[in-house]
Amino acid sequence: MRARRKSAFRNALRDHGIAGAWGFAEATFFFVVPDVWTSWVGLRRPKRAIGTTVSALGGAMAGGAVTYWWGQKVAADTSSKALTKIPAVTDAMIGEVEQEIAVSGPASLLRGPTRGVPYKLYARAAGLQRTPLVAFLAWSVPGRMIRFLAVTAAVSGIAAVGRRRFPGLSERRISTVFWLCWGAFYAVFIPLKSRRSRDS
């Protein structure tokens, strides 16, 4: 029993650690959202998965603070050129985010997830425009957490329904469908977002 508890604790620690590190990475220069990991956990451990969204949020806020600082310290052209090397990020998108921060402040963070605009662009723009860091981090909570929770809960729910409706469905097939769906999403999202941003 004790060994089982230790194993469960180590697994939970790993899941939260990966969520936090992934959140940090995506808030800086990584382009795959931490929802991939939190929803993966949700396939088999929905309650733990909800907890990992908090860890992902913590990592994202830490990464956002680093990108905010970087936006303050580095020349605008330099940071802009660096960000355009990330898949699906364009000059047009960066300019739109700068305008949003200038007009609406950090509250514009709430629009990012609905349009597929990376959090890191808001962090960089907020730092560039000297938006108060406390305000930026405060708006980061709903700006990040709403999507983290929605995606993670949705995947957990779909997996649970699938197991009930199709009792013979193996865990391997569930995992395969999961990775195929995320792969298909990025295969469509990256070129589509890049094209739309360049055309706008």
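The structure under discussion appears in the preceding block.
Remember, predicted model here, so these are calculated numbers, not experimental data.

What follows deals with a positive patch on the surface. Where like charges cluster on the molecular surface, the positive patch consists of Arg 2, Arg 5, Lys 6 and Arg 10. Mapping Arg 10 onto the fold places it in helix α1 (residues 2-26). On the basis of relative accessibility, which here comes to 52%, the residue Arg 10 falls in the exposed class.

The subject of this paragraph is helix α4 (residues 76-83). Within α4 the residues assigned to the buried category are Ser 79, Ser 80 and Leu 83. An end-on view of α4 places all buried positions within 100 degrees of arc, on one side of the element. Projecting away from the buried face of α4 at angles above 90 degrees are the exposed residues Asp 77 and Lys 81. Here the buried face of α4 lies against α3 (46-73), α5 (91-104) and α7 (119-128).

A side chain of one charge can pair with a side chain of the opposite charge when the charged atoms of the two come close. The final tally for this structure, using the stated rule, is ten salt bridges. Residue Glu 26 pairs with Arg 144 through a salt bridge whose shortest N-O separation is 3.1 Å. Of this pair, Glu 26 sits in helix α1 while Arg 144 sits in helix α8 (residues 133-165), placing them 118 residues apart in sequence. Given a relative accessible area of 2%, Arg 144 falls into the buried group.

Reading guide: rules and limits
Residues numbered from 1 in each chain as written. Predicted model: local features only at pLDDT ≥ 70, side-chain atom pairs only at ≥ 80, totals over all residues. Heavy atoms only, no water. Patch = residues over 30% accessible without salt bridge, like charges linked within 9 Å, V, L, I, M, F, W, Y side chains within 5 Å. Areas by Shrake-Rupley, 256 points an atom, 1.4 Å probe, with all protein chains shown as cover. Salt bridge = Lys/Arg side-chain N within 4 Å of Asp/Glu carboxyl O. Lys, Arg positive; Asp, Glu negative; His and termini not counted. Charge placed at Lys NZ, Arg CZ, Asp CG, Glu CD. Helix = DSSP H or I, 4+ residues; strand = E, 2+ residues; numbered from the N terminus. Buried < 20%, exposed > 50% of the residue type's maximum accessible area, 1.4 Å probe, protein only. Arc of directions from axis to C-beta. Contact = heavy atoms within 4.5 Å.

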